[in-house]
Amino acid sequence: MCRFIETIRIDNGKVRNLSYHERRLNDTRTHFWQGSTLLQLADRIKPDRKTGIYKARIVYGEAGIEEISYSPYNIRHVQSLAVIRTDDIDYTYKSTDREALNRLFAQRGGCDDILIVRQGLLTDTSIANIALHDGTFWYTPAQPLLKGTKRAQLLDEGILLEKELGIEDLSAFFKIRLFNAMIDWGELELPTNALHAAF
């Protein structure tokens, strides 16, 4: 049975990027279950804490929303990335099944996270989209594993540009940013020399 998730950031009681999450949730449901009723999230998310950063985790499937839970959010400490190559991973939809990602993450060695290279192209880390800075522009892979909601927002705002990025292109960039629905833009940044080949 297919089950999917949306993870939504709540800042001091304010729900972030709700329209992007709602659109992805409904696009996913329409893809897997044609004719699905469109769901609205605004009246379903009711954070009970008005201070601090919280994560709302929404689990849904064919019948609709199955579960909503809330938890305090603390950013994962990432200072190094292991470059992992794989050609057969598919995480187009934000599924509850992360087994393939977890297997790759287990290969990180002494690094904090992984950067997945699929068919020679840079994609994502185990938890975040990426962007690379060449001194002028920020570029994000045109073919990520998952088209994140924060990524969609940053593209719409013109902050990011899409580009096919190969492993050989890394030398042209100075910085890499990790971001997702919970990690704000600019909150997690590394020099590109923090990337290491996995052994």
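The notes below deal with the structure included here.

The rules we used
- Residues take numbers from 1 onward in each chain, read along the sequence in its written order.
- Where local features are concerned, this predicted model is filtered to residues with pLDDT of at least 70; where side-chain atom pairs are given and counted, the filter is 80 or more; whole-chain, interface and lining totals use all residues.
- For side-chain calculations, the full set of non-hydrogen atoms in the structure is used, while hydrogens and water are omitted.
- Under the DSSP-based scheme used, a helix requires at least four consecutive residues in state H or I and a strand at least two consecutive residues in state E, with every element numbered from the N terminus.
- Between two residues, a contact is recorded if the distance between any of their heavy atoms is within 4.5 Å.
- In this text, buried Ala, Val, Leu, Ile, Met, Phe, Trp, Tyr and Cys residues form a nonpolar core when linked through side-chain atoms within 4.5 Å.
- A 1.4 Å probe rolled over the protein chains alone gives each residue an accessible area, and that area as a share of the maximum for its type sets the label: buried under 20%, exposed over 50%, partly exposed in between.
- Multiplying one less than the number of residues by 1.5 Å gives the expected span of a helix.

Our next topic: the side chain of Arg-118. Inspection of the secondary structure puts Arg-118 in strand β6 (residues 113–118). Other than its neighbours up to four places away in sequence, Arg-118 contacts Thr-86, Asp-87, Ile-89, Asp-90, Thr-123, Gln-143, Pro-144 and Leu-145.

Leu-81, Leu-115, Leu-122, Leu-132, Ile-176, Leu-178 and Leu-195 are the most contacted members of the largest nonpolar core, which totals 22 residues. Taken together, the elements giving at least two residues each to this core come down to β5 (81–85), β6, β8 (129–133) and β11 (175–179). Among all residues touching Leu-195, those that are not within four sequence positions of it are Leu-81, Val-83, Leu-115, Leu-170 and Ile-176. Core analysis: the second largest hydrophobic core is formed by 13 residues, Ile-8, Leu-25, Trp-33 and Ile-58 among them.

Time to look at helix α1 (residues 18–32). In a regular helix each residue adds 1.5 Å, so 15 residues correspond to 21 Å; α1 covers 21 Å between its end C-alpha atoms and thus fits that length. All of the buried residues along α1 are Tyr-20, His-21, Arg-24, Leu-25, Asn-26, Thr-28 and Arg-29. Looking at the buried positions of α1, the neighbouring elements they touch are β1 (4–11), β3 (53–61), β4 (64–72) and α3 (149–156).

Looking at the element boundaries, Ile-75 is found in the loop between β4 and β5. Of the residues examined, Ile-75 reaches a relative accessible area of 36% and is grouped as partly exposed. Leaving out residues up to four positions away in the same chain, Ile-75 has contacts with Ile-183, Glu-187 and Leu-188.

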